[in-house]
Amino acid sequence: MSDATFACKKSHSEPGPGDAGKTGSWRVLRPIINVNLCIPAKTNKMACFNCWLYCPDGVVTRTIPPTINYEYCKGCEICAEECPVAAIQMVEETKLIKKEK
Amino acid sequence: MHIIESGNVAAASGVKLARAQVIAAYPITPQTPLTEKLSEFVDAGEMQAEYIPVESEHSALAVCIAASSTGARAFTATSANGLLYMVEQVHWAAGARLPIVMCVVNRGIGAPWTVWNDHQDSISQRDAGWIQLYACDHQQIIDTVIQAFLLAETVSIPVMVCYDGYLLSHTYMPFDVPDPDKVDEFLPAFKPAYALDPKQPANLNTVTLPDIRPDVRGNLAPGYMEIRHNLHVDLRRAIDKVAEIDARFQKIFNRGGHPFIEPYCCEDADFIAVCLGSLSYQLRDVVDELREEGLKAGVAGLRLYRPFPEQAMVELLAKAKGVVVFEKALSYGNQGALFTDIKAALYPGPARPFVKNFILGLGGREIKTADLLKTFREACTQGPASIDTPQWIGLKL
Ligand code: SF4
Ligand code: SF4
């Protein structure tokens, strides 16, 4: 018997990237993958992908080489922590932004 | 069918008739017999409900929130510190717009520890976004519980049904248990506007950023302020629904007629006492005596406290010379909450009766009719108060 004119505004969404907005703007450190060290990039095999598996935002691709969607990557550093060959370096955004400008 | 039973059994009988599907509650005095009765009903197969024992009140309401999100009719009950222990979930249930019904069997809050009656527990939750209804006797308890489900489900807002611990919860009174078929006619099965479905995963009430934003499909989703504004607007609109549901109840059961405020001898009254709960019935005796003395007194028991029915309140008090607000709760460091609300309701209009505030019965301190009589009489005859601070009745300093 719920009246459809009530509760028209509720917090309801479907799972998917960007549900909390463009979280890329939260980032202080940017993860950058060194393809010379990255296992799938070096071996050309679908191997490892720890970064893809552990990224809490699902913004790393399972591709050779893996890529990161910086619109949503919030710079949590988990991928860099989980990479078995330390192929992911966290670089300060301020430095990169200055350079990019 | 008329029976003689306790207020807690009246509440449990209402929950049974309303066919609640999920019950989760943690026992606390003086609510305990209510939950015990419900577990007996479920155990005996008299109710087709899931009774989920929990380890705390916080979990009790969390279970109801989950159950209600899947489209089940959910019920819980608590008192005093139990209510405070579930406060995070109390606010959550309202923000999530879940039509849960909860009985608050009113009891004073510790410290110091008390198990006896006052209204500080439910009053402390007046700003949580729930609808708050107060019952004055056993008949109102059972009727209000049944109405609360229809109200909650109509407006997608949870409802507290508050009644006095011990004074109502543990005393025995005759009351009518409505006919189950008629209750089914009054309260159809719960058809939620939205229910969680594993086939269609969804995020409910996840983080909202300060501003509105597009959702994963690119549609603009409301932000925190929009969702909260909607809750407020709907609470205000719910006032009309309370009246509609009361009228519907009256048509089927021939009881009710005072959805917001229950007046007694108020029509021609110069002085009106206002209060919550069973105290208003005790004050009827006082009004009778004052009338015999020649004082035109009346008493009004507020049934709906949140959303606050300003209009009905102002209409009731407009012609009075004085208003005396008796409260079993206090906004510590300020005044009684109801006192503040009543003055605020009167402020924009032309009617300016004097308004006085008396605090009484905290932690179950006995409220003597003789004290009420003396206080009410003096408050009327002495006229406007020179100070705006509440006076305490029955205080032994
Ligand atoms: S794990 Fe963290 S830092 Fe790495 S890509 Fe995902 S969000 Fe960015
Ligand atoms: S975790 Fe490191 S090595 Fe493995 S795929 Fe990611 S970047 Fe490459």
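Residues numbered from 1 in each chain as written. Chains lettered and ligands numbered in written order. Predicted model: local features only at pLDDT ≥ 70, side-chain atom pairs only at ≥ 80, totals over all residues. Heavy atoms only, no water.

Draft legend 1. Quick look at the side chain of K241 of chain B. Tracing the backbone through its elements, the reader meets K241 of chain B in helix α9 (residues 224–253). Not counting the four nearest positions on each side in its chain, K241 of chain B is found in contact with D3 and F6 of chain A together with L151, T154 and V155 of chain B. (Helix = DSSP H or I, 4+ residues; strand = E, 2+ residues; numbered from the N terminus. Contact = heavy atoms within 4.5 Å.)

Draft legend 2. Focus on helix α13 (residues 369–382) of chain B. Residue and element names in this part refer to chain B. The terminal C-alpha atoms of α13 lie 20 Å apart, and with 14 residues this matches the ideal 20 Å at 1.5 Å per residue to within 8%. Within the sequence span of α13, burial applies to L372, L373, T375, F376, A379 and C380. Residues of α13 that are buried sit in contact with β13 (271–276), α10 (279–292), β14 (297–302), β16 (322–327) and β17 (354–359). Phi turns positive, to about 75 degrees, at G383, one or two residues after α13. (Expected span 1.5 Å × (residues − 1). Buried < 20%, exposed > 50% of the residue type's maximum accessible area, 1.4 Å probe, protein only.)

Draft legend 3. Inspection of the site of ligand 1 at higher detail. Around ligand 1, the neighbouring residues are P31, C55, P56, V59, V60, I68, C73, K74, G75, C76, E77 and C79 of chain A. Taken together, the residues that form the shell around ligand 1 break down as nine nonpolar, one polar and two charged. (Near = heavy atom within 4 Å. Nonpolar A, V, L, I, M, F, W, Y, C, P; charged D, E, K, R; others polar.)

Draft legend 4. Local environment of a negative patch on the surface. Residues and elements named next belong to chain B. Taken together, the side chains of D285, D288, E289 and E292 make up a negatively charged region of the molecular surface. If you trace the backbone, E292 turns up in helix α10. Since its relative accessible area comes to 75%, E292 is described here as exposed. (Patch = residues over 30% accessible without salt bridge, like charges linked within 9 Å, V, L, I, M, F, W, Y side chains within 5 Å. Areas by Shrake-Rupley, 256 points an atom, 1.4 Å probe, with all protein chains shown as cover. Salt bridge = Lys/Arg side-chain N within 4 Å of Asp/Glu carboxyl O. Lys, Arg positive; Asp, Glu negative; His and termini not counted. Charge placed at Lys NZ, Arg CZ, Asp CG, Glu CD.)

Draft legend 5. Molecular detail of the nonpolar core. Residue and element names in this part refer to chain B. Formed by 104 residues in total, the largest nonpolar core has its most connected members in L34, F75, W130, I131 and I342. With 10 residues, helix α7 (residues 138–155) is the single largest residue contributor to this core. In terms of domain composition, this core takes at least three residues from each of domain 1 (2–186) and domain 2 (261–392). The residues touching I342, leaving out its near neighbours within four places in the chain, are V274, F308, M313, L317, V325 and V355. Core analysis: the next-biggest nonpolar cluster, separate from the first, contains 23 residues, F271, L295, A297 and F376 among them. (Core = buried A, V, L, I, M, F, W, Y, C linked by side-chain atoms within 4.5 Å. Domains from an automatic or database assignment.)

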